[in-house]
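# Descriptive structure summary
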Amino acid sequence: MTNNSQTIYALSSGALPAAIAVVRISGTYAFETARLLGAESLISRKLVLTKIQPAGQEIIDMALVCAFPKKQSITGEDLVELHLHGSIAVIDELFLFFSSIKELRPAEPGEFTKRSLINGKMDITEVEGLADLLASETKQQRIQSIKLLKGELSEKYAHWRQKLIKARAEMEASLDFSDE
C-alpha cells in the first residue's frame, strides 16, 4: 500500500490530559475500524454515544463517534471521529489497539490536510489559510486567516484568471484579424 492509500489515525485535539480528546481515522478502513471498536451503528454526520470495546477486550471508554462518508468529509476519504475522554490511559489503550490492525498507521504531521488538498477538498490557498489560522495570535491574523480558509483569495484568483483568458483571446483575435 502507498502512503496515501493507507488508513491513518491521529489525535487531532490538544495535548493530553484534557477533558476531551478527538481522534480521527481517515481512509478506506476507517468505518471498519470503528466497527472493530464496537461502533455498530454509524450514522453519517451524527454523533452516537458508543461503548468503545474491541471484541473480547475491556472497555476503553465511552465516546461519541461520528462517521463522515468520503463525499462529506474534509479529507475526501471515509473519516471517523472519536470524541473520547482526554486521559493519557484512554488514548494509549486506543492507540495500542490501533497498532494491532495492519491496515492502520499513525498519521504524519499535516497528513489529514495533505489528503484534503490531494482529494480536492481544499486548495493551496485554503491550506495556507488553515496554517495561518493555527498560528494566529491576534484578532486581525485570525480574521485574515478565515478569509483564506473560506476561499476568498481562490475566488479572486479565479476571477482574475477569467479576465486574463478573455484579454488573451481578444489579443489573439486582434492579431489574427488585424487587417480587417
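Residues numbered from 1 in each chain as written. Predicted model: local features only at pLDDT ≥ 70, side-chain atom pairs only at ≥ 80, totals over all residues. Heavy atoms only, no water.

## A short note on the side chain of S116
For clarity, the threshold we go by: Going along the chain from the N terminus, every DSSP run of H or I of four or more residues is numbered as a helix, and every run of E of two or more is numbered as a strand. Three labels apply to residues, based on accessible area from a 1.4 Å probe with only protein chains included: buried if under 20% of the type maximum, exposed if over 50%, partly exposed otherwise in between. Only heavy atoms enter the contact rule, under which two residues are in contact if any of them lie within 4.5 Å.
With respect to the secondary-structure elements, S116 resides in helix α3 (residues 111-118). Taking the relative accessible area as the measure of exposure, S116 reaches 2% and is therefore buried. Not counting residues up to four positions away in its chain, the partners in contact with S116 are I74, T75, K121 and M122.

## Concerning helix α2 (residues 88-99)
Operational definition: Multiplying 1.5 Å by the helix residue count minus one yields the expected span of that helix. The arc in question is formed by the directions pointing from the helix axis toward the C-beta atoms.
Taking 1.5 Å per residue as the helical rise, α2 with its twelve residues ought to reach 16 Å, and the 16 Å between its terminal C-alpha atoms agrees with that figure. Regarding α2, the residues found buried are V90, I91, L94, F97 and F98. Along α2, the residues classed as buried sweep out an arc of 125 degrees about the axis, all on the same side. Those residues of α2 that are exposed and aimed more than 90 degrees away from the buried face are A89, L96 and S99.

## Structural notes on the packing of aromatic side chains
Stated precisely, the cut-off is as follows: Two aromatic rings, drawn from Phe, Tyr or Trp (for Trp, its six-membered ring), form a pair once their centres lie within 6.5 Å of each other, and the interplanar angle then sorts them: stacked below 30 degrees, edge-to-face above 60, tilted otherwise.
Inspection of the entire model under this criterion finds four aromatic pairs. Taken together, a centroid distance of 5.9 Å and an interplanar angle of 25 degrees make the contact between F95 and F98 stacked. One end of the pair, F95, and the other, F98, are both in helix α2, three residues apart, so they sit about a helical turn from each other. The exposure class assigned to F95 is partly exposed, which follows from its relative accessible area of 23%. Members of the aromatic cluster, joined through ring pairs, are Y9, F95, F97 and F98.

## Digging into the nonpolar core
This is how the line gets drawn: For the purposes of this section, nonpolar cores are sets of buried Ala, Val, Leu, Ile, Met, Phe, Trp, Tyr and Cys residues that join through side-chain atoms within 4.5 Å.
Counting residues in hydrophobic clusters, the biggest one holds 24 residues, and the most contacted among them are I25, I52, V80, L82, L84, L94 and F98. Elements with a contribution of two residues or more to this core: β2 (18-26), α1 (30-36), β4 (61-68), β5 (79-86) and α2. In terms of residue count, α2 provides more of this core than any other element does, five residues in total. What I25 contacts, discounting residues up to four positions off in sequence, is T7, I8, Y9, A30, T33, D78, L79, V80, L82, F98 and L104. Core analysis: the second largest hydrophobic core is formed by seven residues, C66, L79, A107 and F112 among them.

## What to know about the environment of I59
Turning to its location among the elements, I59 is positioned in the loop between β3 (48-52) and β4. Sequence separation between I59 and V90 is 31 residues, and the spatial gap between their C-alpha atoms is 9.7 Å. In this structure I59 touches K51, I52 and Q53, once residues within four positions along its chain are discounted.

## Re the pattern of salt bridges
Note the cut-off: By salt bridge we mean one thing: a side-chain nitrogen of Lys or Arg within 4 Å of a carboxyl oxygen of Asp or Glu.
Taken as a whole and judged by the stated rule, the model has six salt bridges. With a closest N to O distance of 3.5 Å, K102 and E103 form a salt bridge. For E172, the salt bridge identified is with R168, shortest N-O distance 2.9 Å. Within this pair, E172 and its partner R168 are both found in helix α6 (residues 152-176), separated by four residues, close to a single helical turn. For E172, a relative accessible area of 39% puts it in the partly exposed group. Taken together, the shared-partner salt bridges in this structure form one network comprising E77, R105, E111 and R115.

## Quick look at unusual backbone geometry
The step from L16 to P17 runs through a cis peptide bond, and the omega angle for that step is -5 degrees. Phi at R45 takes a positive value of approximately 60 degrees, unusual for a residue other than glycine. Looking at where R45 falls in the secondary structure, it is placed in the loop between α1 and β3.

## Quick word on the layout of surface pockets
For clarity, the cut-off: The rule is simple: put a 1 Å grid over the protein atoms alone, call a set of points where a 1.4 Å probe fits but cannot get out a cavity, call an open set with protein on both sides within 12 Å along at least five of seven lines a pocket, and count a residue as lining if it has an atom within 4 Å of a point. Grid points are joined across faces, edges and corners, and a volume is the space filled by probe spheres set on the points.
Within this model, the largest pocket holds a volume of roughly 440 Å³. Lining the largest pocket are 18 residues, and of these S12, R24, G110, F112 and T113 sit closest to its centre. Those elements giving two or more residues to the lining of the largest pocket turn out to be β1 (7-11), α3 and α4 (124-135).

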